[in-house]
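# Examining the three-dimensional arrangement
Each chain, letter by letter, is given below.
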Amino acid sequence: MSLFPNALVLLGKELRTEFRSRELLTTTVVFILIVMFMFSITFQPTSDESRQIGPGLLWLAFLFAASLMLQHCFLREQHNDTLSALRLSVSDPFAILLAKLAANTLFLLLTELFLLPIFALMYNVSVVRVVHWLALAFFLGSLGISIVGTALSAISAQARMRELLLPVLMLPLLTPILIVSTEVTKALFDRAPYVRWQGIGFLAVFDVVFLTALWLFGEYLLEE
Amino acid sequence: MMKNILAAAAVFLLLGVAVYASFFIAPTDVKQGLIYRILFLHVPSAWTGLTAFFISFLANLLYVWRRQPRWDWLGVSAAEVGLAFTTVVLVTGPIWAHPVWGIWWTWSPRLTSTFVLWLLYVAYVVLRTLIEEPDRRALLSALFGIFAFIDVPLVFGSIRWWRDQHPQPVVMGEPGAGLDPIMYKVLLFSWLAMLALMTLLIRQRYRLEAMRGDLETMQQELEVA
Amino acid sequence: MTPPAFSPVALRFENIDKRYGGLLALRGVSLTVAPGECAVFAGRNGSGKTTLLRIAARLVRPSRGSLSFSNSSCDDEKSPVRPGFVAHATMVYDELTAEENLLLFARLQTVSRPERRVEALLEEVGLSDRRASLVGTFSRGMRQRVAIARALLHEPAVLLLDEPATGLDPPGVAWLAEAIRRLRDSGRTILMSLHGESEISSLGTRAIRLDAGSVVADTRTGATFRSVLTFADA
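One structure accompanies this document, and this report is about it.

Quick look at the overall build of chain C now. Within chain C, the regular secondary structure consists of six helices and nine strands. In terms of overall dimensions, chain C has a C-alpha envelope of 45 × 45 × 35 Å along the principal axes. Across the 234 residues of chain C, 45% fall into the buried class. Across chain C, every contact between residues at least 6 apart in sequence was considered, and the portion connecting residues at least 24 apart equals 72%.

Let us look at the overall build of chain A. Helix and strand counts for chain A come out as 10 helices and zero strands. Its helices and strands taken in sequence order, chain A reads α-α-α-α-α-α-α-α-α-α from the N to the C terminus. A globule of 224 residues ought to have a C-alpha radius of gyration of about 17 Å, and chain A, at 18 Å, matches this closely. Considering only C-alpha atoms, chain A reaches an extent of 55 × 30 × 30 Å along its principal axes. Buried residues in chain A amount to 48% of all 224 residues. Across chain A, contacts joining residues at least 24 apart in sequence account for 82% of those joining residues at least 6 apart.

Moving on: helix α5 (residues 82-89) of chain A. With seven of eight residues buried, α5 of chain A is to be regarded as a mostly interior element. Listed as buried for α5 of chain A are Thr82, Leu83, Ser84, Ala85, Leu86, Leu88 and Ser89 of chain A. On its buried face, α5 of chain A sits against α4 (71-78) and α6 (94-122) of chain A together with β5 (84-86), α2 (98-108) and α4 (140-152) of chain C.

On to the sheet that holds strand β1 (residues 9-20) of chain C. Think of a sheet as strands paired side by side through backbone hydrogen bonds, with each pair either parallel or antiparallel. Residues and elements named next belong to chain C. Sheet architecture is open: three strands sit in the order β2-β1-β4, paired in antiparallel fashion. The open sheet has two free edges, formed respectively by β2 (23-33) and β4 (64-71), since each of these has just one partner strand. Neighbour to neighbour, the strand axes of the sheet diverge by 15 degrees on average, direction disregarded. Note that β1 and β4 share seven bridges and pair antiparallel. Residue pairing across strands places Val9 opposite Asn71, the latter belonging to β4.

With that settled, the discussion passes to the interface of chain C and chain B. Listed as interface residues are six residues of chain C and, on the opposing side, nine residues of chain B. Counted by class, the side of chain C that touches chain B contains four nonpolar, two polar and no charged residues.

Let's shift gears to the sheet that holds β5 of chain C. Residues and elements named next belong to chain C. Strand order in the open sheet made by the six strands is β5-β6-β7-β3-β8-β9, with mixed pairing throughout. Each of the sheet's edge strands pairs with one partner strand only, and the pair in question is β5 and β9 (214-219). Pairwise comparison of adjacent strand axes, ignoring direction, gives a mean angle of 15 degrees for this sheet. Note: β5 against strand β6 (residues 158-162), three bridges, orientation parallel. When the bridges of β6 are listed, Phe85 appears paired with Leu160. Here α4 sits on the sheet in contact with β5 and β6, set at roughly 165 degrees to β5.

The next subject is the interface of chain B and chain A. Listed per partner, the contact involves 26 residues of chain B and 25 residues of chain A. Top element by residues in the side of chain B that touches chain A is helix α5 (residues 134-165) of chain B. It accounts for 17 residues. Looking at the side of chain B that touches chain A residue by residue, the class counts come to 22 nonpolar, two polar and two charged.

The next subject is unusual backbone geometry. The backbone phi angle of Gln44 of chain A is positive, close to 40 degrees, even though this residue is not glycine. Relative to the assigned elements, Gln44 of chain A resides in the loop between α2 (23-43) and α3 (47-69). You will see that Asn15 of chain C, though not glycine, has its phi angle at about 50 degrees, which is positive. Residue Asn15 of chain C is classed as partly exposed on the basis of its 13 C-beta neighbours within 10 Å.

Let's shift gears to the environment of Glu163 of chain A. Residues and elements named next belong to chain A. Counting through the fold element by element, Glu163 comes out in helix α8 (residues 162-173). Owing to 11 C-beta atoms within 10 Å, Glu163 belongs among the exposed residues under this scheme. Sequence separation of Glu163 and Leu3 is 160 residues, and the distance between their C-alpha atoms is 30 Å.

To characterise two packed helices, one gives the angle between the axes of the helices and the distance between these axes. All names here are of chain C. At a closest axis distance of 9 Å, the pairing of α2 and α4 adopts a crossing angle of 20 degrees. Classified by the angle between their axes, α2 and α4 sit roughly parallel to one another. When the axes of α2 and α4 are compared, the crossing they make is right-handed. Judged by residue contacts, Ala98, Asn101, Leu102 and Phe105 of α2 engage Val146, Ala149 and Arg150 from α4. Residues that form the contact of α2 with α4 fall into these classes: five nonpolar, one polar and one charged.

All names here are of chain A. Compared with the 42 Å implied by 1.5 Å per residue over 29 residues, the 41 Å span of α6 between its first and last C-alpha is a close match. The largest bend along α6 reaches roughly 35 degrees and is located at Leu115, with the proline Pro117 sitting one to four residues downstream. Just past α6, the residue Asn124 takes up positive phi, approximately 55 degrees.

Our focus in this paragraph is the environment of Leu117 of chain B. All names here are of chain B. Among the secondary structure elements, Leu117 is positioned in helix α4 (residues 109-129). Taking C-alpha positions, Leu117 is 16 Å from Gly75, a pair spaced 42 residues apart along the chain. Filtering out sequence-adjacent residues up to four positions away, Leu117 remains in contact with Thr86, Val152 and Val155.

Take the pairing of strand β7 (residues 189-193) of chain C next. The side chains of a regular strand alternate between the sheet's two faces. Residue and element names in this part refer to chain C. With five of five residues buried, β7 is to be regarded as a mostly interior element. Across the two faces of β7 the burial is the same, with Thr189, Leu191 and Ser193 and Ile190 and Met192 all buried. In terms of strand pairing, strand β3 (residues 38-42) meets β7 through four bridges, oriented parallel. Residue Cys38 lies in a different strand from β7, and its bridge partner there is Ile190. Both β6 and β7 contribute to a ladder of five bridges, which runs parallel. Each bridged residue has a counterpart across the sheet, and for Leu160 the counterpart in β7 is Leu191. Each parallel crossover has a hand, and the one from β6 via helix α5 (residues 170-185) to β7 is right-handed.

Criteria and thresholds
- Residues numbered from 1 in each chain as written.
- Chains lettered and ligands numbered in written order.
- Predicted model: local features only at pLDDT ≥ 70, side-chain atom pairs only at ≥ 80, totals over all residues.
- Helix = DSSP H or I, 4+ residues; strand = E, 2+ residues; numbered from the N terminus.
- Buried ≥ 20, exposed ≤ 12 C-beta atoms within 10 Å, placed from the backbone.
- Contact = placed C-beta atoms within 7 Å.
- Rg over C-alpha atoms; globule rule 2.2 N^0.38 Å.
- Pairing = 2+ DSSP bridges.
- Axes fitted to C-alpha atoms, helices over the stretch in contact; angles between N-to-C directions.
- Nonpolar A, V, L, I, M, F, W, Y, C, P; charged D, E, K, R; others polar.
- Parallel < 35°, antiparallel > 145°, perpendicular 65-115°, else oblique.
- Left-handed = near helix turned anticlockwise from the far one by under 90°.
- Expected span 1.5 Å × (residues − 1).
- Bend = angle between axes of the 7 residues up to and from the residue.
- Right-handed = clockwise from strand over helix to strand, strands pointing away.

If you want it as structure tokens, here you go:
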């Protein structure tokens, strides 16, 4: 049972390489910021309109940003064929995927943490009262994006046109996350905020289903 | 060869009977008139498409497990045939919707789910064109096919859940629910005919893929020799 | 070199085919490498050397046939033999330091007392004073030293070296030859692919020539040894 120790060591490596350069995080944050700003000046929404379209916009921006950010998670390993070194070293290849998806979830959450206050200011939405519920929704949604995205980036890294291919594979698969996360967030942005338990439950089910699928089939994604 | 022609003839006979039944046996709908008859093409196509995707899913699982090229061939054949039937659903939907609802397209849950389903399998086909090496293409597309099929109930579920909060003005009832018993029988018979067509198409597509695989092998053997 | 923490291991390839689509990279390779043998694989580019080594490392699964390791003392099921592998690519991270790289892989392989092991290996490959530099800033020769150190972390009983001298300058080659000689003398089973003759090829106890995925020559005797290595290059 060295799955979790291995995954932990690998997670440490992912975080160390990212925080050394912070390239990925800064670029992603700037990207989402630009998208939000563009939307804001294009539609100039009033506070009520923002409550309606804001959540969808926010999740779309996260989804697009993730589809760009996740490109790198396996390309990085191709450069010096470090993926082979990892496969030779770990006893369960799932550890590699687990570490990557944990790192990706963390990176997504960090960008969201940074962007939420800016969004709240730009779009005139008050989030202070519901921040813990938002955290839960953002966590479940980002976890789902990372699970599916990590698996698919392992696929797209082995194909041609990979930059374009990843969103093509990823976005349709993630429609459920987009729809449900948006609805849950919308309810929390309401003038009288409320928690959509059904939606939260759905996100959890989505995460469990795909985590199981990744656990069952993940090792084949890394085969040579 | 002879067998193929006979099989094809049988399938077209079945389809012919289904068409005849849809136009002349099923009674005309009181409210919608003639246009409702497109239902006998639309609904069985949707069911048949899903059946084909399910076959593709099973073939994908078998490929990952056994690694025999034939499961790859079956996987891609069934997925493409499923895609064709789903395309029929997406085309016949608006043809029916325009006179009945007054609009060509609406983001009703059923249409939206079908559209996402269609996109998933388009992505599967696109993925296959972008990987050169046959074994890798087979394995990675099989894995994507598995993820895509697992996603289908989640897509339908999420869109339905979403719809509950935003009711659409006109939504078609559950298929078969309010149907006249004769209509229902015709519908089932049409589905049967479509399944026969699906089997025929998958079989032909599979043979093509098998020949392509053999050809690839022969070409590369020649290059080595 | 530390005293061997292993018992000698033999490798056995049985009727191995590897197919990349229609291309047969290996066809019907059957080969037994005895414990402690140092086998040198020669052959043109594309003859299947790399594929064979990657199969031995269990990175690539053969399309047909099987690979087995036989170890007199331990059960392959319980503690599978993990060969040390040096490939064309360095298989280490440019954005980590030499020490971080080695520590990472040592921990993944659950090497006991990783810090100490890494310390000793850095010493052995002569990188102690550059341990805190990013591998990305290293010369090709220094990277190759890190790559070799990485392969030796868990004291493997089997070593697979895919053209290990690539990119090394003459002193580097001399160092590598010395390192391989010590590893061979410590009883490790070594499989390496090489281009032509060199100081390193003379360490081999057996020469095997591959052509278009098949073994075409295999010798242990000195007289034919050289001709097997140089046969197509001559």
